[in-house]
Amino acid sequence: MRDVAQRALDTAISRGAQYADVRVVELRRESVAVKNGAVDAITSEESAGFGVRVVVDGAWGFASSAILSTAEADRVAALAVAIGRASALLSLRPVTLGPPVTTRGRYVTPVIRDPFTVSLEERLALLLAADEAMRRQPAIVVAEGRVGCERQRKLFLNSEGADVEQELTETGVAIECTARAEDELQTRSYPNSFGLHMGTAGWEFVEQQQILAHAERIADEAAALLTAKQCPPGVTTVILDSSQTALQVHESCGHAIELDRVFGSEAAYAGTSFLTPDKLGTYQYGSEHVTIVADATIPGGLGTFGFDDEGVPAQRTTIVDRGRFVGYLTSRETAAQLGQASNGTMRADGWNRLPLIRMTNINLEPGTWTLEDLIADTDEGILMQTNRSWSIDDRRWNFQFGTQIAWEIRGGKRGALLKNATYAGITPEFWRSCDAVCNREEWIVWGLPNCGKGQPPQTMHVGHGAAPARFRNVRVGLLR
Amino acid sequence: MLTDRELRALADTAFAASAADQTEVVVREVDAALTRFANNSIHQNVAERNVEFTVRAVVGRRLGVATGNDLSPGGIRRVVERASILAQHSPELPDFQSLPRPQPLPSNDGWSETTAASSPEARARFALPVCRRAAEAGFVASGYVEIRAEQITVANSLGLFASTRRTSAGAMAVVQGDGGSGYADRFARDAAQIDPMELAEEALGRARRSRNPIEVAPGEYDVVLEPYAVADILSALSFLGFGARSVQDQTSFLSGRFGERVMGENISIWDDPRGEEVIPEPFDPEGVPSRRVDLIVKGVAAGVVYDTLTASRAGKESTGHALPPGSTFGPLARHLYLAPGTDDDLVRAVDRGLLVTRFWYTRPVHPLTVTMTGMTRDGVFLIERGEVVAAVKNLRFTHSYLAALNAVTGISRRTKLEIDEINTVVPRLRVAGWRFTSATAH
């Protein structure tokens, strides 16, 4: 591993690179999925390779390969330099990276029970028990469950002297069930939706979720939703549960603060951002109840690590301070354009991908309310739980989300069940209408393993700490 | 790319190491490069080479799947061993019968040697005129050009051996300026078929026409959809209901509706992985020849695509639409065609409506009605009395794609290949009563 990395680095520099870095990555991933009482898939994946990133003639080049040999290191490093030279044919401004990164260190995810040592039988038994519990509800036509774990070993060297090793372990779980009537279909899932709820942790993370305690409940809820009242259209108060608040942070804040995106590098794909640099430090993004931090250092978060893929140590950065927009997620190159130093958010989806600015754990800081008190304090509104659909425009301005389940709130009490709940808004108007966030007891760090960005596409694992939050004057019921 | 001999040796090493009843090896070799530009400048330029192989071990009716990219004999044996262990510890899959047996395979014609040999300079020279043309006009271009060479090989211990090579080239550009934005993309098997100037002119022309957009109120509008937007409709239908698994799960909008009219009589949709226009897939990752499947015939629900497992559940034969081993999504239609019409001037018949270039960030709101929400992007225009009269700020829609395909009032003769996760070959459409639910600031 190390000899290949060092050789690639040496070759890149000797071929003319002004800067070079090399990442060697070994990935191991296992997944067990069940469906309707049977195994759906049991998979095990191993992958290894290395990527060489260079600045040559002031422009970027990157090449990668799965063959871990010094001869291949020579070929790939030379190719990266050739690609950098080709980039320089159309490069208007030379790359500047700011102060050198000379970090040396090692980081290992703390793990209590190594998920790879948990027997297949134990993983299956847990999932099949949850599956059976969900299928006890007769309206359920599909019951599914999945556990997954992955481990990355990464070595990062750069031509400035950085030398960083990391071993990152992630573990996650999800169950989901779908109920069907003649003209209706409703799905409930737990702990979250759209893939595993994950953390940087061991099997203890799966145990903490207690999926068996929730399997029957979500099946009954899915069945009840078949005949529930349609979420009525209108403008009302909305309380989002912790997981939907997390997604709201992800889509309307997390992506909007990626500084590469702000500078236009995603303009043709993921889009740009309404949070332009002229707003930094002055723009009222949300209400005084809204404080958002990017924190790659919290224990167990899916966006927790020791160093980013430029060798910059993990950090905590304030993004929104009591409503005021004060910070971006940055890389070395983008931070330098603002006269700042990187806050360590460059990550790549594997050895064959170039690092991009990615969310770490983008957390809405907890407030003071309990959920019970918040509902009691709400005269009329809707409580929405667990994301079902999400869409936002290419500047992170106009959004519309739907949740799997919702309840009317009337006179401070949770009332009738509502199906097909949706809400929509404009990002700063929505966050400015936030008048309450629940306390640390209600605060959960959600792990989202499906954040997409970049071309070629990269899927990143990110985290969001969030508690239930209340928003006023929200447009709801857009599905008629 | 690995030779046939090397690939057979890899498979033989796997079979020799396997104690399973049946063993399958899928080898996917990728040599890909992508040059990305933004702000009229290349900012990302990458290349990768990888050979990944997946082993599916079958013990009785127990299955295990393992993947690796270490091609040494030891590396191959390790993956086989992992797949076998997983299979041995797995419960039985009652519907599983067997890995596919060898079948005659169609010829392979998806390879362009010059495309496979494309250089970083060639990609930069592609991006150059797009950026220069935009800059000369006072606009800013972003986009990419991508070259891919792939070799897919499937071998199993029942004697099946199928191997195919294919190349593809893709390019897209978003040109922005003065509050306007224009989009264009091109895809082909051979990079020489893509003209950067033509791409630049289309995106730039649209960006020019998009300048200084006006606001229109959300509401129902007749729309003319460019192929970029129509591709999104087909893609959503594919993921939500053209696969047998979703029908068997009763989650498809087609479940229980075969033989019924579900769309307008002017709508026919089929999947053809060997069609002339698409990046071909002569067989699927189980080695089963990919067949044309009629999905919607004159508005009537006619069929879905199968892999081996869903076919066995339905008592049918696989249509060759499996996803790679280990996927739990089931079969997927990924080379979709929407039948063309005869009218290439769809705007003329619109009294008041919108011309939409493309949709963005579309997501299902309800799967049974295929109700989706999403944004317009990179060029929306107001049509009045058959003429485009103004650029319009983007709008969000919440609308049923099924309802839309029941309200198509015009279909163009010309079609275009779009690739975004799946291949679609689509015309322009004119649709009555598209429901826009909110507006945005740009």
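Now for a description of the structure that goes with this document. (Residues numbered from 1 in each chain as written. Chains lettered and ligands numbered in written order. Predicted model: local features only at pLDDT ≥ 70, side-chain atom pairs only at ≥ 80, totals over all residues. Heavy atoms only, no water.)

Counting its regular elements, chain B contains 9 helices and 17 strands. Taking 22 Å as the expected radius of gyration for a compact globule of 442 residues, we find that chain B reaches 24 Å, a close match to that expectation. C-alpha atoms of chain B, sized along the principal axes, occupy 70 × 55 × 35 Å. Looking at chain B residue by residue over its 442 residues, the buried ones come to 64%. Pairs at least 24 apart in sequence give 71% of the contacts found in chain B among residues at least 6 apart. Counting only carbon and sulfur atoms, one obtains 47% of the accessible surface of chain B, whose full area is about 15700 Å². Across chain B, the mean location of the 49 positive side-chain charges is 2 Å away from that of the 54 negative side-chain charges. (Helix = DSSP H or I, 4+ residues; strand = E, 2+ residues; numbered from the N terminus. Rg over C-alpha atoms; globule rule 2.2 N^0.38 Å. Buried < 20%, exposed > 50% of the residue type's maximum accessible area, 1.4 Å probe, protein only. Contact = heavy atoms within 4.5 Å. Areas by Shrake-Rupley, 256 points an atom, 1.4 Å probe, with all protein chains shown as cover. Lys, Arg positive; Asp, Glu negative; His and termini not counted. Charge placed at Lys NZ, Arg CZ, Asp CG, Glu CD.)

So, about the overall build of chain A. Of regular secondary structure, chain A possesses 10 helices and 24 strands. Expressed along its principal axes, the backbone C-alpha trace of chain A runs to roughly 70 × 55 × 35 Å. Per-residue burial for chain A yields a buried fraction of 67% across its 480 residues. Sequence separation of at least 24 residues holds for 75% of the intrachain contacts in chain A that already meet a minimum separation of 6. Accessible surface computed for chain A: about 15600 Å², of which carbon and sulfur atoms make up 50%. Taking the 48 positively charged and 59 negatively charged side chains of chain A as two groups, their mean positions are separated by 3 Å.

A word on the interface of chain B and chain A. Taken residue by residue, the interface counts 74 residues in chain B and 81 residues in chain A. When the two sides are added together, the surface that chain B and chain A hide from each other amounts to roughly 6600 Å², 51% of it contributed by carbon and sulfur. Inspection of the region where chain B meets chain A yields 8 salt bridges. One salt bridge in this structure joins Asp394 of chain A and Arg377 of chain B, with 3.4 Å as the shortest N-O distance. The interface formed by chain B and chain A contains 44 residue pairs in polar contact (both at pLDDT 80 or more). (Buried area = accessible area lost by both parts, 1.4 Å probe. Salt bridge = Lys/Arg side-chain N within 4 Å of Asp/Glu carboxyl O. Polar contact = N/O pair within 3.5 Å; in protein donor to acceptor, adjacent residues only side chain to side chain.)

Residue and element names in this part refer to chain A. Among the secondary structure elements, Ser252 is positioned in helix 6 (residues 242–254). A distance of 2.9 Å separates the side chain of Ser252 from the side chain of Trp431, its partner in a polar contact. With residues up to four places along the chain from it excluded, the contact list for Ser252 reads Phe274, Tyr285, Ile392, Arg396, Thr427 and Trp431.

What follows is about the sheet that holds strand 13 (residues 324–325) of chain A. Residues and elements named next belong to chain A. Judged by pairing direction, the sheet is antiparallel, and its 4 strands sit side by side in the order 13-12-11-16 without closing on themselves. The sheet terminates laterally at strand 13 and strand 16 (362–364), the two strands that pair on one side only. Direction of pairing for strand 12 (residues 316–321) relative to strand 13: antiparallel, over a ladder of 2 bridges. Paired with Asp321 across the two strands is Arg324, which belongs to strand 13. In the packing of helix 6 onto the sheet, contacts are made with strand 11 (292–295), strand 12 and strand 16, and the angle to strand 16 comes to roughly 120°. (Pairing = 2+ DSSP bridges. Axes fitted to C-alpha atoms, helices over the stretch in contact; angles between N-to-C directions.)

Residues and elements named next belong to chain B. Under the criterion given, the structure shown has 5 cavities of 30 Å³ or more. Of the voids in this model, the second largest cavity is the one considered here, and its volume is about 60 Å³. Taken together, the elements giving at least two residues each to the lining of the second largest cavity come down to strand 1 (22–38), strand 2 (41–59) and strand 4 (140–156). Looking at the lining of the second largest cavity, its residues break down into 6 nonpolar, 1 polar and 4 charged. (1 Å grid on protein atoms, 1.4 Å probe; cavity = no way out; pocket = protein on both sides within 12 Å on 5 of 7 lines; lining within 4 Å. Points joined across faces, edges and corners; volume = space filled by probe spheres on them. Nonpolar A, V, L, I, M, F, W, Y, C, P; charged D, E, K, R; others polar.)

It is worth spelling out the state of the cysteines at this point. Here, disulfide denotes a covalent bond that connects the sulfur atoms of two cysteines. All names here are of chain A. The tally for this structure, following the rule as stated, stands at 0 disulfides over all chains. You can see Cys253 has no disulfide; the closest cysteine sulfur is in Cys434, sitting 12 Å from it. With relative accessibility at 0%, the residue Cys253 sits in the buried group. (Disulfide = S-S within 2.5 Å.)

All names here are of chain A. Under the counting rule described, the total for this entry stands at 26 aromatic pairs over all chains. Aromatic side chains Phe399 and Phe401 sit 5.2 Å apart centroid to centroid with 20° between the ring planes, which places their arrangement in the stacked category. Under the relative-accessibility criterion, Phe399 is labelled buried at 0%. Look at Phe401 and you get buried, because its relative accessible area is 0%. On the numbers, 6.1 Å between centres and 80° between planes, the contact of Phe430 with Trp431 is edge-to-face. (Phe/Tyr/Trp six-rings, centres within 6.5 Å; stacked < 30°, edge-to-face > 60°.)

The next thing to look at is the packing of helix 1 (residues 4–17) of chain B against helix 2 (residues 73–89) of chain B. Residue and element names in this part refer to chain B. In the contact formed by helix 1 and helix 2, the axes pass within 9 Å of each other and the chain directions differ by 50°. Here helix 2 runs oblique to helix 1, going by the angle between their axes. The element helix 1 and its partner helix 2 pack so that their crossing is right-handed. Residue-level contacts link Leu10, Thr13, Ala14 and Ala17 of helix 1 to Pro73, Ile76, Arg77 and Val80 of helix 2. Its residues assigned to classes, the contact of helix 1 with helix 2 comprises 6 nonpolar, 1 polar and 1 charged. (Parallel < 35°, antiparallel > 145°, perpendicular 65-115°, else oblique. Left-handed = near helix turned anticlockwise from the far one by under 90°.)

What follows deals with the pairing of strand 3 (residues 62–68) of chain B. Most of strand 3 of chain B is tucked away, with 6 of its 7 residues classed as buried. Where strand 2 (residues 38–56) of chain A and strand 3 of chain B come together, 3 bridges link them in parallel fashion. Along strand 3 of chain B, the bridge assignment pairs Thr43 of chain A with Val65 of chain B. Note that strand 2 of chain B and strand 3 of chain B share 7 bridges and pair antiparallel. Looking across to strand 3 of chain B, one finds that Val59 of chain B is bridged to Arg62 of chain B. In this structure, the hairpin formed by strand 2 of chain B and strand 3 of chain B is closed by a connection of 2 residues, where Gly60 of chain B is found at a positive phi of approximately 60°.

In this structure, Tyr285, Ile292, Met384 and Tyr423 of chain A are the most contacted members of the largest nonpolar core, which totals 71 residues. The element best represented in this core is strand 18 (residues 398–410) of chain A, accounting for 6 residues. If sequence neighbours within four positions are ignored, Tyr285 of chain A has contacts with Ser252, Cys253, Phe274, Leu275, Ile292, Val320, Gly323, Phe325, Thr427, Pro428, Trp431 and Arg432 of chain A. Listed in part, the 56 residues of the second largest apolar core include Leu336, Phe397, Tyr401 and Leu429 of chain B. (Core = buried A, V, L, I, M, F, W, Y, C linked by side-chain atoms within 4.5 Å.)

For the rest of this paragraph, the subject is the pattern of salt bridges. Residue and element names in this part refer to chain A. Within the structure shown, the criterion is met by 75 salt bridges over all chains. As a salt-bridge pair, Arg7 and Asp74 come within 2.8 Å of each other at their nearest N and O atoms. Remark: Asp74 occurs in helix 2 (residues 70–88) and Arg7 occurs in helix 1 (residues 2–14); sequence separation between them is 67 residues. On the basis of relative accessibility, which here comes to 35%, the residue Arg7 falls in the partly exposed class. Lys419 serves as the salt-bridge partner of Glu184, at 2.8 Å between the closest nitrogen and oxygen. Taken together, the positions of Glu184 in strand 7 (residues 184–190) and Lys419 in strand 19 (residues 413–419) put the pair 235 residues apart, joining distant regions of the chain.

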